[in-house]
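Architecture at a glance
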Amino acid sequence: FRLHGGPLTEDGAPEHQLAYACRQGRMFNPLLAVAVQLTDVGPQAGGFCVVRGSHKSNFVAPPRMLDLQAHQEHVHQPQTQAGDVILFSESTLHGMRARARPPVWRAAASRSC
């Protein structure tokens, strides 16, 4: 497992293709992603996770955070029901946690520029 996305590369350079910006009251998200939950996902069941607010970060995430070895309190896994839709910017640090227990969860993902 490794979180990915974010407005910066791992060496701290701006990731212009993913960069979120807000200018003159307008938000710009060059790459949006959507995850449609096909099954219910309860607490600690695994599945989609995100670092809230990371799309606005000006600092590189610690490598141990990206590998979920530290700072896990900042990684949020939403509880969802079948049919829920998660819309997020690719400039947000995100990933998929391994399934923690049965039953199997399923989601469909899509991206748009």
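No experiment lies behind these values; they were computed from the predicted model shown.

Any residue range with low pLDDT should be treated as having predicted coordinates unsuitable for detailed reading. Model confidence for the chain is summarised by a mean pLDDT of 84, while 91% of its residues fall at 70 or above. When pLDDT is averaged over each element of the chain, strand E5 (residues 75-76) comes out on top at 91 and strand E8 (residues 107-112) at the bottom at 70.

Phi is positive for Gln24, close to 50°, though the residue is something other than glycine. In this fold, Gln24 is placed in the loop between strand E1 (21-23) and strand E2 (26-28). Residue class for Gln24 comes out exposed when judged on its relative accessible area of 84%. The phi torsion at Leu68 lies on the positive side, around 60°, for a residue other than glycine. Its place among the elements puts Leu68 in the loop between helix H1 (63-66) and E5.

Once that is clear, we can look at empty space enclosed by the protein. In the structure shown here, the tally under the stated rule is one cavity of 30 Å³ or more. Forming the boundary of the largest cavity are Gln37, Val41, Gly46, Gly47, Phe48, Gln77, Pro78, Thr80 and Ile86. Of the residues that constitute the lining of the largest cavity, the class distribution is four nonpolar, five polar and no charged.

Below, the discussion takes up the packing of aromatic side chains. In this description, a pair of aromatic rings is defined by centroid distance and the angle of the planes. Taken as a whole, this structure holds one aromatic pair when the rule is applied. Each ring, one from Phe48 and one from Phe88, has its centre 4.8 Å from the other, and the planes form 45°; the classification is tilted. Of this pair, Phe48 sits in strand E4 (residues 47-51) while Phe88 sits in strand E6 (residues 85-89), and the two are 40 residues apart along the sequence. The burial state of Phe48 is the same as that of Phe88; both residues are buried.

Here we come to the pattern of salt bridges. Per the counting criterion, the structure on display carries two salt bridges. Residues Glu10 and Arg2 are paired through a salt bridge, measuring 2.9 Å at the closest nitrogen-oxygen approach. Judged by its relative accessible area of 58%, Glu10 is exposed. The shortest N-O distance in the salt bridge between Arg2 and Asp67 comes to 2.5 Å. Placement of the pair is Arg2 in the segment before E1 and Asp67 in the loop between H1 and E5, with a sequence separation of 65 residues. Judged by relative accessible area, which is 31%, Arg2 ranks as partly exposed.

Rules of the game
Residues numbered from 1 in each chain as written. Predicted model: local features only at pLDDT ≥ 70, side-chain atom pairs only at ≥ 80, totals over all residues. Heavy atoms only, no water. pLDDT = per-residue confidence, 0-100. Helix = DSSP H or I, 4+ residues; strand = E, 2+ residues; numbered from the N terminus. Buried < 20%, exposed > 50% of the residue type's maximum accessible area, 1.4 Å probe, protein only. 1 Å grid on protein atoms, 1.4 Å probe; cavity = no way out; pocket = protein on both sides within 12 Å on 5 of 7 lines; lining within 4 Å. Points joined across faces, edges and corners; volume = space filled by probe spheres on them. Nonpolar A, V, L, I, M, F, W, Y, C, P; charged D, E, K, R; others polar. Phe/Tyr/Trp six-rings, centres within 6.5 Å; stacked < 30°, edge-to-face > 60°. Salt bridge = Lys/Arg side-chain N within 4 Å of Asp/Glu carboxyl O.

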